[in-house]
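# Coordinate inspection notes
If you want the building blocks of each chain, they are given just below.
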Amino acid sequence: MTAQAIALVRGHLSDRRRSLLAWGAPLGLWSAFIVVIFPSIENALSKAVQSYPTALKEAFGIGELTSVEQYLQAEMLSLIVPLALGYLAVRAVASGLSGAAESGRLDVLLSAPVSRRRLAAASFAATAVELAIVLVLTVLLTLLGGLVSGADLSLGAALAGYANVWPLALLFAGLGIVATGFSLRTSVVTGSVAGVLVTMYVIDLVGRLDPDLSGVRYASAFKYYGNAIEDGIDPLAFCGVTAVAIVLAAVGAWLFERRDLAA
Amino acid sequence: MAVIETDGLTKLYGRARGIEHVTFSVEAAEVFGFLGPNGAGKTTTIRTLLDMLHPTRGSARIFGLDSHRESVAIRARLGNLPGDFGYGRQASGREALRLLARLRGIDGAGRAEALAERFHADLDRPLGQLSRGNRQKVGLILATFHSPELLILDEPTSGLDPLMQEEFLALVAEERERGCTVLLSSHELDEVERVCDRVGIVREGRLIAVERIEDLLGRARRTVTLELADPGDLAELRSLPGVTDLQALDGKVTFRVGGDLDAAIKAIAHHHVLDMELTHPSLEEIFLGYYGGGE
């Protein structure tokens, strides 16, 4: 990484410092709350889950809810955290490119000897770091909740569960850069990619609910997301999704370099 | 070698007009004014030079380098103040400065502190809390702190109070003394008249004239106001080629004259002259002459 890229990443993170807390703290506190209440509702929860339809349990990745890890998966990691982090990723990458274009910052940065490709790459790298920081903050607060409540939360499982969100969210950062190649309006970039995020989630859900439609899941990044808090990280899926995110970012950077930056 | 050289530079936005066949050059240590009303194509030209817009046709070279293919190398040697400068709301000028210095590989902030003191600029407050004029001062510092070889300034004095405008004009003159080339876009005609060596007049996306300021002023029609003890017969003065709009009232004579003044002075010399005033036209009048009469 060159000095320029490091400077751009640091600048991006400095601008987004409020966002790190604004996303990390609520997600972490919510997650911690789930862990804290688990011991007191464990028995009632198990009985309730047994009465759920099998298809519903499969759709939301709920097996048994006899451990705090299973409860975290059902309440946080199957829906809220991946959708929230996916959206955060688009917002972060858009703030460094289309947001910068809207505020005039892009014109100032591109007055310096930095290529657009490097600027896009730095925005992607900074988003990757931002996502990691938010996830670390979230998992730390979650583990703290486990310590306070006495819930038997496995450190390794929690780390795997939250770390597994990172490549999935990063993929939407890559899509965000692609979208920036077509529009420099933040609302268009975040809106279109958030739409893809939700659509992919729904496609995966439909594929899981109806075995006849399971093939459609290949069109969704959520197919490769899995249940890392219980099954551990699938290295192939983790690296594959990360690689796709990087390829998307590279394509986006190429498009961004070729487009006009109108006043 | 010219510092900036464009050849038939054209940028079209679909059906909308951008710029067409813009050809000009700016020599080293020259202050070149780019004049035109809003929407004439000044900013489009500048953004094309900076590779923010890709030309539809034609080419531009800066420091002898292609403005598109070698844009990064070019930008290492220039400073740019974009029109309507902005940098977001949260960051302070100092944070922006620190990042730009790192991107340029500069240790420290160059002459930023001295410039901040000179322009009374606040580098520590978030830019979102500054008035437009105070933001513009920060923009000027970001464009000049590294003592570039070429300064590109798009409407640089917009929002500045008159005192700061004076300070800015002094800075441009000092930059030229230092050997810096300046391309200054403006519709503030007075400031262009005061600091520019040459001026390009842009109209509806086309560069309609490039002139030295003194040539423009020299060729333009000056207004002569005389106070004569004996107005007498002004027929000789009235008959001179280039003399127009002659009016005489109570010993006060006013006329406009273009080109060589010698014949008019000699004709006046036959009279007893109590007072005389020669007024050069403002660049605005000259500009309106180009802009208004060119269909």
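Each remark here, short or long, concerns the structure printed above.
This brings us to the overall build of chain A. Along its length, chain A carries 13 helices and zero strands. Start at the N end of chain A and walk to the C end: the helices and strands fall as α-α-α-α-α-α-α-α-α-α-α-α-α. Taking 18 Å as the expected radius of gyration for a compact globule of 263 residues, we find that chain A reaches 20 Å, a close match to that expectation. Taking the principal axes of its C-alpha atoms as reference, chain A extends roughly 65 × 45 × 30 Å. Of all 263 residues assigned to chain A, the portion counted as buried reaches 48%. Here the contacts in chain A between residues at least 6 apart in sequence split such that 79% fall between residues at least 24 apart.

Residue and element names in this part refer to chain A. Packing of helix α5 (residues 80–96) against helix α10 (residues 165–180) brings their axes to within 8 Å, and their N-to-C directions diverge by 35°. In this structure, α5 meets α10 at a crossing whose hand is right-handed. Touching Val 81, Pro 82, Leu 85, Gly 86, Leu 88, Ala 89, Val 90, Ala 92, Val 93 and Ala 94 of α5 are Val 165, Leu 168, Ala 169, Leu 170, Phe 172, Ala 173, Gly 176, Ile 177 and Thr 180, all from α10.

Take unusual backbone geometry next. Residue and element names in this part refer to chain B. Backbone geometry places Ala 29, a non-glycine residue, at a positive phi of 60°. Note that Ala 29 resides in the loop between β2 (16–26) and β3 (31–35). Owing to 16 C-beta atoms within 10 Å, Ala 29 belongs among the partly exposed residues under this scheme. For Phe 63, which is not a glycine, the phi torsion comes out positive at approximately 55°. Mapped onto the secondary structure, Phe 63 falls in the loop between β4 (57–62) and β5 (65–66).

With that settled, consider the interface of chain A and chain B. Between chain A and chain B, the residue contacts involve 21 residues of the former and 28 residues of the latter. Going through the elements one at a time, α1 (3–15) and α7 (105–109) of chain A are the ones with two or more residues in the side of chain A that touches chain B. Broken down by element, the residue count for the side of chain A that touches chain B peaks at six residues, all from α1(A).

Cut-offs applied
Residues numbered from 1 in each chain as written. Chains lettered and ligands numbered in written order. Predicted model: local features only at pLDDT ≥ 70, side-chain atom pairs only at ≥ 80, totals over all residues. Helix = DSSP H or I, 4+ residues; strand = E, 2+ residues; numbered from the N terminus. Rg over C-alpha atoms; globule rule 2.2 N^0.38 Å. Buried ≥ 20, exposed ≤ 12 C-beta atoms within 10 Å, placed from the backbone. Contact = placed C-beta atoms within 7 Å. Axes fitted to C-alpha atoms, helices over the stretch in contact; angles between N-to-C directions. Left-handed = near helix turned anticlockwise from the far one by under 90°.

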